[in-house]
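The lines below spell out each chain.
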Amino acid sequence: MLSEEDKALWDAYCKTVVPLEKASKFKVFSHKLSKCIPFVRKIKSSVPVVLDLHGFTVQEAYSIFIRFFNHHLEQNTKTIIIITGKGKNDKGILKSEFPKWIDNPEIQKNIIRSTQPVSYGGGAFELTLKKKKEK
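Since the model is a prediction, treat every value here as computed from it, not as a measurement.

J.: Could you clarify how one ought to interpret the overall build of the protein chain in this entry?
T.: When you go through the protein chain residue by residue, the secondary structure sums to four helices and five strands. Each helix and strand of the protein chain, ordered N terminal to C terminal, gives the series α-β-β-α-β-α-α-β-β. Counting across all 135 residues of the protein chain, residues that qualify as buried make up 39%. Taking contacts inside the protein chain between residues at least 6 apart in sequence as the whole, the part at least 24 apart equals 57%. When the accessible surface of the protein chain is split by element, carbon and sulfur atoms take 55% of a total near 8,900 Å².

Spelled out as structure tokens, the structure:
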């Protein structure tokens, strides 16, 4: 449960998110679901973007992930981190489903490497993406 202060802070943050087309300084991914935009932030130069899928159903999370993945593939983003969370007793549904998503041949052909960074406590996946070929 969020405290009233945390909820107010989150609501204020959601109002500041800019659609991708209008973003200038920050890499922000926006989706068109009725829920608030998933938490996306720049964390350091070597790891450009993070997508947090906490609180979404498997279907919503998959749709958001696919759009996020395709966008960053088009942008030639080197590394993305997808936070699924660990779930209760390390058996989270998103954590268990995510490896199946990236095993899809259409996704897999664009991934150089997939790891679970220790710094996220086992509830995240780091994907190194292939560069888009120049036309």
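So much for the structure itself; the text now carries on.
J.: Just checking my understanding: could you explain the nonpolar core for this structure?
T.: Note that soluble globular proteins tend to have their nonpolar side chains buried in a common cluster. Counting 22 residues, the largest nonpolar core has Leu53, Phe65, Phe69, Ile80, Ile82, Phe98 and Leu127 as the members making the most contacts within it. Elements supplying a minimum of two residues to this core: strand S2 (49–52), helix H2 (58–74), strand S3 (79–83), helix H3 (93–102) and strand S5 (124–129). No other element matches the seven residues that H2 contributes to this core. Other than its neighbours up to four places away in sequence, Ile82 contacts Leu51, Leu53, Phe65, Phe68, Phe98, Gly123, Ala124, Phe125 and Leu127.

J.: Which parts of the structure should I look at to understand H3?
T.: Each full turn of the α-helix corresponds to 3.6 residues, which orients residues three or four apart in the same direction. Those residues of H3 not exposed but buried are Leu94, Lys95, Glu97, Phe98, Trp101 and Ile102. One face of H3 carries all of its buried residues, which in axial projection span an arc of 165 degrees. Across H3 from its buried face, at more than 90 degrees, point the exposed residues Ile93 and Lys100. For H3, the secondary structure elements touched by its buried residues are H2, S3, helix H4 (105–108), strand S4 (111–115) and S5.

J.: Which parts of the structure should I look at to understand the pattern of salt bridges?
T.: Here the idea is simple: oppositely charged side chains can pair when their charged atoms come close. Tallied over the full model, the rule gives three salt bridges. The salt bridge involving Lys100 is made with Glu97; its shortest N-O contact spans 3.1 Å. Remark: Glu97 and Lys100 occur in helix H3; sequence separation between them is three residues, near one turn of the helix. Here Glu97 falls in the buried class, since its relative accessible area comes to 19%. One salt bridge connects Glu106 with Lys109, and the closest N-O pair in it is separated by 3.1 Å.

J.: Honestly, unusual backbone geometry in this entry has me stumped. Any pointers?
T.: Positive phi, normally seen in glycine, also occurs at Asn76, with a value near 60 degrees. Looking at the secondary structure, you find Asn76 in the loop between H2 and S3.

Thresholds applied
Residues numbered from 1 in each chain as written. Predicted model: local features only at pLDDT ≥ 70, side-chain atom pairs only at ≥ 80, totals over all residues. Heavy atoms only, no water. Helix = DSSP H or I, 4+ residues; strand = E, 2+ residues; numbered from the N terminus. Buried < 20%, exposed > 50% of the residue type's maximum accessible area, 1.4 Å probe, protein only. Contact = heavy atoms within 4.5 Å. Areas by Shrake-Rupley, 256 points an atom, 1.4 Å probe, with all protein chains shown as cover. Core = buried A, V, L, I, M, F, W, Y, C linked by side-chain atoms within 4.5 Å. Arc of directions from axis to C-beta. Salt bridge = Lys/Arg side-chain N within 4 Å of Asp/Glu carboxyl O.

What is shown is where atoms sit, not what they do.
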